[in-house]
Amino acid sequence: MREMFECAVLQAPDQAGVGAIDGGGRIKLHVYDLALAAAPASVPNGVAPDTTGLIALSALALQRYDACLLYIEPANLPWARIALSRARPVLRTPLLALVREVKAAALADLLALGVKDFVRVPVCSEELRARLLHLPGRAQLQEPAAAYGAAPLSASIVPRAPSSRSQRSCGVDIAAYEADEPFRQAKARVVSGFERAYLRQALARHDGNVARAARAANKHRRAFWALMHKHAIDAKTYRAAAAAAAGEHDGEHDAQPAGGGSRHRAG
């Protein structure tokens, strides 16, 4: 049994941290500033940088750790959903969420987006260690950073070949790109596919209610509408589907035989 786990505590720019965590001498925590993966020079002056891609950009560097810990609360939940969606195809290090006041439906979303497990805050060091021991896919974990000596990354670390599932990002087939396709064109295709998939999922989850979907996405309603227009997505389709599902449910309810009432009249 491993006696020491090396974990990266992911710190996103302008986001609250989880505070002090007692590793109990068995968990070695490294605060990992995701801003290190950003490229400020590529961001125009006066434009707020998009931080939702920082986990994906850090995927290779995070392979030196046994696991990643990410603090999630209602305030940063929309950011976490998008960041995890973008990181899922490339992140090989198991990610465990440290959650505060996150409801069951949101936890289910996070697990579907690639979170392997979660621990409630305040964190119990023994519970955290037990969950680290049983993280799915632990057999494929790399050795801790200390095993590589002075070098932060070892040449022996070779990323696994992407599976057919990981070659798809938001409905876009990465493997289908031509080898000589320009980077900007490939990036635009991936971003467009992500936007379409995110909008459709949000509208389906909120029964075609644009205001609620935009609020859940932490996006202004007008900007949400603009994205829908860009991708020719009509909320009526999702409202009709929700109404049809509700109608089927009501029909099944009305069709229930009133057996008790029949017996009463017969008597």
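Here goes a summary of the coordinates provided. (Residues numbered from 1 in each chain as written. Predicted model: local features only at pLDDT ≥ 70, side-chain atom pairs only at ≥ 80, totals over all residues. Heavy atoms only, no water.)

Observations regarding the pairing of strand β4 (residues 95-99)
Across the five residues of β4, five count as buried, placing the element largely inside the fold. One ladder, built from five bridges, connects strand β3 (residues 67-72) with β4; its direction is parallel. What sits directly across from I72, in β4, is V99. On the question of chirality, the crossover connecting β3 to the parallel β4 by way of helix α2 (residues 77-87) is right-handed. Relative to strand β5 (residues 117-120), β4 is paired through four bridges, and the arrangement is parallel. Following the sheet pairing, A97 is matched in β5 by F118. A crossover links β4 with its parallel partner β5, the connecting element being helix α3 (residues 104-112), and its sense is right-handed. (Buried < 20%, exposed > 50% of the residue type's maximum accessible area, 1.4 Å probe, protein only. Helix = DSSP H or I, 4+ residues; strand = E, 2+ residues; numbered from the N terminus. Pairing = 2+ DSSP bridges. Right-handed = clockwise from strand over helix to strand, strands pointing away.)

As for helix α7 (residues 221-230)
For α7, the full list of buried residues reads F224, L227 and M228. Angularly, the buried residues of α7 cover 100 degrees about the axis, an arc narrow enough to put them on a single face. Within α7, the exposed residues directed more than 90 degrees away from the buried face are R222, H229 and K230. Downstream of α7 by one or two residues, A232 has phi in the positive range, about 55 degrees. (Arc of directions from axis to C-beta.)

Looking at the pattern of salt bridges
Enumeration according to the criterion identifies five salt bridges in this entry. In the salt-bridge network here, residues are joined through shared partners; they are R81, D109 and R205. (Salt bridge = Lys/Arg side-chain N within 4 Å of Asp/Glu carboxyl O.)

Quick notes on the nonpolar core
Among the nonpolar cores identified, the biggest contains 30 residues, and L10, I55 and I72 are the most heavily contacted of them. Going through the elements one at a time, β1 (5-11), α1 (54-57), β3, α2, β4 and α3 are the ones with two or more residues in this core. Here this core gets six residues from one element, more than from any other, and that element is α2. Among all residues touching I55, those that are not within four sequence positions of it are L10, L34, L70, W79, A83, A87 and L91. (Core = buried A, V, L, I, M, F, W, Y, C linked by side-chain atoms within 4.5 Å. Contact = heavy atoms within 4.5 Å.)

Topic: the side chain of D117
Assignment of secondary structure puts D117 in strand β5. A polar contact is formed between the side chain of D117 and the side chain of R131, at a distance of 3.1 Å. (Polar contact = N/O pair within 3.5 Å; in protein donor to acceptor, adjacent residues only side chain to side chain.)

Some details on the packing of aromatic side chains
In total, this model carries one aromatic pair according to the counting rule given. Taking the centre distance of 5.8 Å and the plane angle of 45 degrees together, the rings of F194 and Y198 count as tilted. Of this pair, F194 and Y198 both sit in helix α5 (residues 183-205), four residues apart, which is roughly one turn of the helix. For the pair F194 and Y198, a shared accessibility class is recorded, and that class is buried. (Phe/Tyr/Trp six-rings, centres within 6.5 Å; stacked < 30°, edge-to-face > 60°.)

Notes on the sheet that holds β1
Strand order in the open sheet made by the five strands is β2-β1-β3-β4-β5, with parallel pairing throughout. Where the open sheet ends on each side, the last strands, each with one partner, are β2 (27-33) and β5. Going from strand to strand, the sheet's axes swing by 30 degrees on average, the running direction of each strand aside. Those strands touched by helix α4 (residues 125-133) are β1, β2, β3, β4 and β5, and its axis lies near 175 degrees from that of β5. (Axes fitted to C-alpha atoms, helices over the stretch in contact; angles between N-to-C directions.)

Section: the environment of D109
Looking at the secondary structure, you find D109 in helix α3. For D109 and R81, which are 28 residues apart along the polypeptide, the C-alpha to C-alpha distance reads 7.8 Å.

Examining the packing of α5 against α7
Where α5 contacts α7, the two axes come as close as 10 Å, and the packing angle between them is 115 degrees. For the pair α5 and α7, the crossing hand works out as left-handed. Between α5 and α7, the contacting residues are E195, L199, A202 and L203 on the first element and F224, L227, M228 and K230 on the second. Its residues assigned to classes, the contact of α5 with α7 comprises six nonpolar, no polar and two charged. (Left-handed = near helix turned anticlockwise from the far one by under 90°. Nonpolar A, V, L, I, M, F, W, Y, C, P; charged D, E, K, R; others polar.)

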